[in-house]
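Residues per chain are reported as follows:
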Amino acid sequence: MATRGGRSEKVKRIFTQFDVNGDGGLNREEMAALVVAVNPRVKFSDEQISAILDEVFRTYSEFIDGDKGLTYDGLLRTYDDGAGDVDRDFDALGLEFKPEDNIGSSMAAAEEASSSSIVDDERVMEPHKKLRTAAWAASPNHGIVFDDTWKLVDDIEILIKRLKSKQAKDGKLKNDNSDVYSEGWSRELGPSTELSDKRVVWEETGHDYSVFVKELGVLRSRADGARSREEAFDGHMAIGRVLYDQHLFKEALVSFKRACELQPADVRPHFRAGNCLYVLARHREAKEEFLLALEAAEAGGSQWAYLLPQIHVNLGIALEGEGMVISACEHYREAAILCPTHFRALKLLGSALFGVGEYKAAVKALEEAIYMKSDYADAHCDLASALHAMGDDDNAIKEFQRAIDLKPGHVDALYNLGGLYMDMGRYQRASEMYTRVLSVWPNHWRAQLNKAVALLGAGETEEAKKALKEALKMTNRVELHDAIAHLKQLQKKRLKGNGSGNGEEAFIIVEPSKFKTVGDKTTLRPDLSTALDIRSFQRITRLNRCDVDQIKKEIGETDVPLSYSGGVPEKSIRKASLEEIMHRLLKFLKPETFIGAVKAINQKILSVLDESESGRVDLGMFFAVLAPVCGGSPDKRKHIAYEALLWRPVNEGSNQIRKTDAQRYIKLLRAIYIPSHGASEMLEIHGQMDTSLVSLAEFTAMFDDPDWGFGIMSTLLKLEYGDRNRHGSHVCATCCYPIIGSRFKEIKSHFSLCSQCYSEGKVPPTSKQEEYRFKEYATESEAVKDKCMWFGIHSKGSSSPAAAS
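What you see is a predicted model, and the numbers here were worked out from it, not measured in a lab.

Student: Outline the overall build of the protein, listing residues and values.
Tutor: Scanning the protein from N- to C-terminus turns up 38 helices and 16 strands. Per-residue burial over the protein gives 50% buried out of 805 residues. As displayed, the protein offers around 38,200 Å² of accessible surface, 51% of which is attributable to carbon and sulfur atoms.

Student: Please provide a residue-by-residue account of the pairing of strand 13 (residues 743–746), values included.
Tutor: The side chains of a regular strand alternate, residue by residue, between the two faces of the sheet. Sheet analysis places strand 13 next to strand 16 (residues 772–777), joined by 4 bridges and oriented antiparallel. Note on strand 16: the bridge partner recorded for Glu746 is Phe774. Note that strand 13 and strand 14 (residues 752–753) share 2 bridges and pair antiparallel. Within strand 14, the residue paired with Lys745 across the bridge is Ser752. The hairpin formed by strand 13 and strand 14 contains 5 residues between the paired strands, and His750 there has a positive phi angle of roughly 65 degrees.

Student: Summarise the sheet that holds strand 16; cite the residues concerned and give the values.
Tutor: Adjacent strands of a sheet pair through backbone hydrogen bonds, lying either parallel or antiparallel. Strand order in the open sheet formed by 4 strands is 6-16-13-14, and the pairing between neighbours is mixed. Pairing within the sheet leaves two strands with one partner each, and these edge strands are strand 6 (515–517) and strand 14.

Student: How would you summarise helix 10 (residues 207–224) if you had to cite specific residues and measurements?
Tutor: Under the 1.5 Å per step criterion, the end-to-end length of helix 10 is 26 Å for 18 residues, consistent within 8% with the ideal 26 Å. Considered for burial, the residues of helix 10 that qualify are Asp208, Tyr209, Phe212, Leu216, Leu219, Arg220 and Ala223. An end-on view of helix 10 places all buried positions within 115 degrees of arc, on one side of the element. Every exposed residue of helix 10 that faces more than 90 degrees away from the buried side is listed here: His207 and Lys214. In this structure, the buried residues of helix 10 make contact with helix 9 (147–170), helix 11 (229–245) and helix 12 (249–262).

Student: How would you summarise the pairing of strand 16 if you had to cite specific residues and measurements?
Tutor: Note that strand 6 and strand 16 share 3 bridges and pair parallel. Across the sheet, residue Lys516 finds its bridge partner in strand 16, namely Arg773.

Student: Describe the pattern of salt bridges, and please don't skip the residues or the numbers.
Tutor: Under the criterion given, the structure shown has 37 salt bridges. Residue Arg282 is joined to Glu285 by a salt bridge in which the shortest nitrogen-to-oxygen separation is 2.9 Å. Across the pair Asp723 and Arg535 runs a salt bridge whose closest N-O atoms are separated by 2.5 Å. On the criterion of sequence distance, the pair formed by Asp723 in the loop between helix 35 (713–722) and strand 11 (726–731) and Arg535 in helix 26 (residues 525–541) is long-range, its members being 188 residues apart. When sorted by exposure, Asp723 lands in the same class as Arg535, which is buried. One salt-bridge network, in which partners are shared between bridges, spans Asp148, Lys151, Arg227 and Glu231.

Student: Quick one: what's the story with the nonpolar core, residue by residue and with numbers?
Tutor: Core analysis: the biggest nonpolar cluster contains 210 residues, and Ile551, Ile605, Phe622, Tyr665, Tyr673 and Phe699 have the highest contact counts within it. Here the element with the most residues in this core is helix 29 (residues 591–609); it accounts for 9 residues. Leaving out residues up to four positions away in the same chain, Phe699 has contacts with Lys638, Ala641, Tyr642, Leu645, Ile657, Ala662, Tyr665 and Val694. With 7 residues, the next largest nonpolar core counts Leu449, Ala452, Leu455 and Ala464 among its residues.

Student: Give a detailed account of the UniProt feature "repeat: TPR" (unreviewed entry) in the protein, specifying residues and quantitative values.
Tutor: The residues that UniProt annotates with the feature "repeat: TPR" (unreviewed entry) are residues 233–266, 343–376, 377–410 and 411–444. The span residues 233–266 is 79% helical and 0% strand by assignment, and the distance between its end C-alpha atoms comes to 10 Å. Taken end to end, residues 377–410 is 79% helix and 0% strand, and its first and last C-alpha atoms sit 8 Å apart.

Cut-offs used in this document
Position numbers for residues start from 1 in each chain and track the written sequence from start to end. A pLDDT threshold of at least 70 governs which residues receive local features in this predicted model, and a stricter bar of 80 or more applies before side-chain atom pairs are shown or counted, although totals over entire chains, interfaces and linings include all residues. Excluding hydrogens and water, the side-chain values take into account all heavy atoms of the structure. Runs of H or I in DSSP of at least four residues are treated as helices and runs of E of at least two as strands, each being numbered from the N terminus. Each residue's exposure class comes from its accessible area (1.4 Å probe, protein chains only) as a fraction of the maximum for that residue type: buried when under 20%, exposed when over 50%, partly exposed otherwise. For the accessible areas, the method is Shrake-Rupley and the probe is 1.4 Å, while residue cover comes only from the protein chains on display. The criterion for strand pairing is that DSSP finds at least two bridges linking the strands in question. Under the convention used throughout, the expected extent of a helix is 1.5 Å for every residue step, that is, one less than its residue count. Each direction from the helix axis to a C-beta atom contributes to the arc, which is the arc of those directions. Residue contacts follow a heavy-atom distance rule, with two residues in contact if any of their heavy atoms lie within 4.5 Å. Definition used for salt bridges: Asp or Glu carboxyl oxygen within 4 Å of a side-chain nitrogen of Lys or Arg. Throughout this description, the term nonpolar core refers to a set of buried Ala, Val, Leu, Ile, Met, Phe, Trp, Tyr and Cys residues connected via side-chain atoms within 4.5 Å. UniProt positions are given in the numbering used here, feature names are shortened, and annotations may be inferred rather than shown by experiment.

In structure tokens, the structure reads:
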């Protein structure tokens, strides 16, 4: 990355090359030539060029000098705002950088003069002002206005150097690279693009830091004692920027907050305060500051037009910090509309869309970002993840590899590529990827666990055992203990996986008709399969921890205006507003867990409710569909679903719901949670209108109907109450994992299956039979009781030694 001096010189060279008529401005023809030249591999249409130029000339209107066009300062501003990459464009044009010798020496002299002591010498001040290296100081919009502010800047830089020197000497100053890692899709440290990957962590508890804060207070007092409110504002903003650039975020926040008090309607202090709060992980407060900045920018007209795209981007990132990814998408999209060349906004939009399961839209946005910036490693990584989610594994591998070529230590790309290889059964390659992740991030326990699983798949049992032990040192999570028990079972049985060619098959799959049940309490195989799918959805969303009464509360408190978009009155809301309601319902979730919940809800429920992709959802129907999978008694869940339907405009004012509405609800419920049946049933909804009404009792009967209702709920409740039960030393005969939940025992061959293998029809190949008869045990005590009864019955019938034998 070029220094500010070198960077501005590069922009100057680019500007001079395309200012063909030498009038000090780039007109539309000259700007078009620049856009085409710096994107040699892109074939722009005339319409695309025209749209880009319209946006540039509109956004940077204050830098347009009449017919001459965009000034040098305007071009520099476009690069400062991230609309282009100076180094990339400079190289694309084949220009050679020759920095002026006198610039470097003058800067060094000024720096040396100002570092010796706190000085007020005007002879030092003047060159220092002109040759300041920080981009913000030279900028016409973010820069220093008053001469006395430069004195504050010089003094604070000296204080920081003293602190840095003392802490480095004592070994207290550290570099923390935690920000370069991320879980899930790759992220960027949005609001602080000035930050390097290596974040400086200051020791804030020692004497040296206390002295620094005290001296900083003196400088702040000097700023407050300025001759005018404007000069005081200028001083606090400059102090804040210097502190921010040195990663002293808490102190920078104090300065920006003071600047907000001095000029509440100014966009910049709110924007900068938001950046500080985000870096300090205070995401909710950061969001509030960005909203204030957005409000001020929109009220200020064209004055702040150049900053609007970045406010939207940073607001989106703050919302993501809270887990509000759908809301973030709206702001990334707005930033991309305001500035079509903002490749970072498009990348973030694509990543967020991927995060909520909108894979097609994610691919489109990420491809556009890469179209503008081909060396964008994070965009390649996230595009690969989206392609993999869509089943395009060949292209996904190419994109992951491209990200790794651009950035060899890209943890997300390495980790996700490992997962892709695992899905493809290429275990050795997967193991290599996880090893590379661990070389960058040694304490990545998930990579360590996945490495063990990959080695196991590759048949390297001893190496897998070592990797598992290493993972156990990193974390004590229960899944690791289960994995170790699984490994031991595999070693006992010498099974190498189904159809792998390395040994005996682990299982065979039996058609459903050959699975019979013993007793009324044993769940049918198809019912269990459906219920397990719904239970998995509950686990991902944690909706079973959300009491259904919370939905009733939302119904009572949410005021939604009527919409007539479909011809029928509806209480419909945008997905972003719906996300806020979900956030209240699932307020106990951490942001990253909430993102996963929203993704699951979006894919399973909203995709059905918003089939037309209008971006709006019928809120009453959403509440009704959500109620059966929330926490609470089954009767209460049905009652709240009924109340949610009663709340809809078509039923409002009545104490009963229309039968057609109840039928549509049941069919939607089945389409969402029992897709194999529900999709075809949805086609049958249209027909003759039935104007009859349905009471709660009649609705409950419709709901519980085993064939046409949601009778699966009884099986779901059984899973909710017992799917954490363990069965001592019993392991599944096919997958070899310890059995958790119900145990299904085959009464002839006496082998046991876990719920998952039973639902999939897997049986051990050593027990081939014409038909299989299973009895379900929810707990081990049930099995013991059953065994005792069996022995009791048979012992009574054994009256002689001959009978007993």
